[in-house]
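Chain by chain, the residues run as shown.
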Amino acid sequence: MKFIILRGFLYLAAGAGLAACNPQAAPSFPSDAQISAALEAQFAADPHSAAARELVRTLGGDKGRLRYQVHQVIYRQGAYEARYDAVLVMGQPGTQSLQGLFAGMIPEAERAKLPQASLEAYEGWLRQHAQSLEKTSPPQAQALVQTLDLLGKCYRDRQPGAEVTVMQGLGALISPERNGLFAEKLALPDTTVQCLPA
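Residues numbered from 1 in each chain as written. Predicted model: local features only at pLDDT ≥ 70, side-chain atom pairs only at ≥ 80, totals over all residues. Heavy atoms only, no water.

(A) Spotlight on helix H3 (residues 50-60). Of the residues making up H3, those classed as buried are Arg53, Val56, Leu59 and Gly60. For H3, the angular spread of the buried residues around the axis is 135°, confining them to a single face. Elements in contact with the buried residues of H3: helix H2 (32-45), strand S1 (65-76), strand S2 (79-89), helix H4 (94-104) and helix H7 (138-155). Positive phi shows up at glycine 61, right after H3, with a value of about 85°. (Buried < 20%, exposed > 50% of the residue type's maximum accessible area, 1.4 Å probe, protein only. Helix = DSSP H or I, 4+ residues; strand = E, 2+ residues; numbered from the N terminus. Arc of directions from axis to C-beta. Contact = heavy atoms within 4.5 Å.)

(B) Broad picture of the packing of H4 against H7. It is the contact of H4 with H7, at a shortest axis distance of 9 Å, that shows an interaxial angle of 155°. The pairing of H4 with H7 is recorded here as roughly antiparallel in orientation. Handedness of the crossing formed by H4 with H7: right-handed. Residues Gly94, Thr95, Leu98, Leu101 and Phe102 of H4 lie in contact with H7, whose contacting residues are Leu148, Leu151, Gly152 and Tyr155. When its residues are assigned to classes, the contact of H4 with H7 shows six nonpolar, three polar and no charged. (Axes fitted to C-alpha atoms, helices over the stretch in contact; angles between N-to-C directions. Parallel < 35°, antiparallel > 145°, perpendicular 65-115°, else oblique. Left-handed = near helix turned anticlockwise from the far one by under 90°. Nonpolar A, V, L, I, M, F, W, Y, C, P; charged D, E, K, R; others polar.)

(C) Representation of the nonpolar core. Among the nonpolar cores identified, the biggest contains 40 residues, and Leu39, Leu88, Phe102, Tyr155, Val166 and Ile174 are the most heavily contacted of them. Mapped onto this core, the elements with two or more residues apiece are H2, H3, S1, S2, H4, helix H6 (119-136), H7 and strand S3 (163-177). With six residues, H6 is the largest single contributor of residues to this core. Those residues in contact with tyrosine 155 that sit more than four places away from it in its chain are Leu59, Leu88, Met90, Gly94, Thr95, Leu98, Val164, Val166, Cys195 and Leu196. (Core = buried A, V, L, I, M, F, W, Y, C linked by side-chain atoms within 4.5 Å.)

(D) Here's a closer look at the pattern of salt bridges. Evaluated as defined, the whole model comprises eight salt bridges. One salt bridge connects glutamate 81 with arginine 83, and the closest N-O pair in it is separated by 2.6 Å. Residue class for glutamate 81 comes out buried when judged on its relative accessible area of 9%. What makes arginine 83 partly exposed here is its relative accessible area of 26%. (Salt bridge = Lys/Arg side-chain N within 4 Å of Asp/Glu carboxyl O.)

(E) Up close: the packing of H6 against H7. Between H6 and H7, the shortest axis-to-axis distance is 7 Å and the interhelical angle comes to 160°. When the interaxial angle is binned, H6 and H7 end up roughly antiparallel. At the point where H6 passes H7, the crossing takes the left-handed sense. Taking contact as the criterion, the partners of Leu126, Arg127, His129, Ala130, Leu133, Glu134 and Thr136 in H6 are, on H7, Pro138, Gln140, Ala141, Leu144, Val145, Leu148 and Asp149.

Here it is in structure tokens:
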């Protein structure tokens with residue numbers, strides 16, 4: 001009887017060992033919410049993202065935020081590669097976003113000369129500036145006009161709560177750490193920028 005019991009334990013132990021060593025065992029994937037939380041923490045703490053955080057505040061307002069739309073998660077030997085898009089959730093009207101952004105594109109001395117601080121005044125100055133650039137730098141003039149047209153299309157009619165996709169095809173390596181998950185951005189060749197100033 002002792003031999004039968006011992007043999008049963010040996011079978012159980014061997015089975016457990018095989019399951020632990022089985023490379024085909026399914027990994028436990030993090031949820032989209034866990035991945036988003038890791039990406040948010042990385043964005044908030046990364047010193048190289050200071051300009052991007054300021055741009056999010058300008059375009060989204062004080063109540064604006066980035067939402068991460070996860071499309072694919074791939075297991076990479078103990079870590080996970082997440083593919084996602086960055087979506088700006090608007091916290092203010094789009095016209096207010098454009099006014100703040102266009103104001104920052106005009107030199108302060110020139111901005112002070114304008115009769116009023118409005119979106120129309122700022123956009124008018126920038127388009128006149130683009131016309132003057134046609135004589136000295138046509139490519140720069142064309143790029144400015146295209147930027148104004150693109151940003152107007154992206155934001156002019158947006159209301160608080162609306163969502164604007166600003167980057168697609170992003171990637172990050174999501175690794176477990178003591179306090180949860182750690183996100184490390186990956187440079188991917190198919191990343192595209194949308195609805196952001198050039």
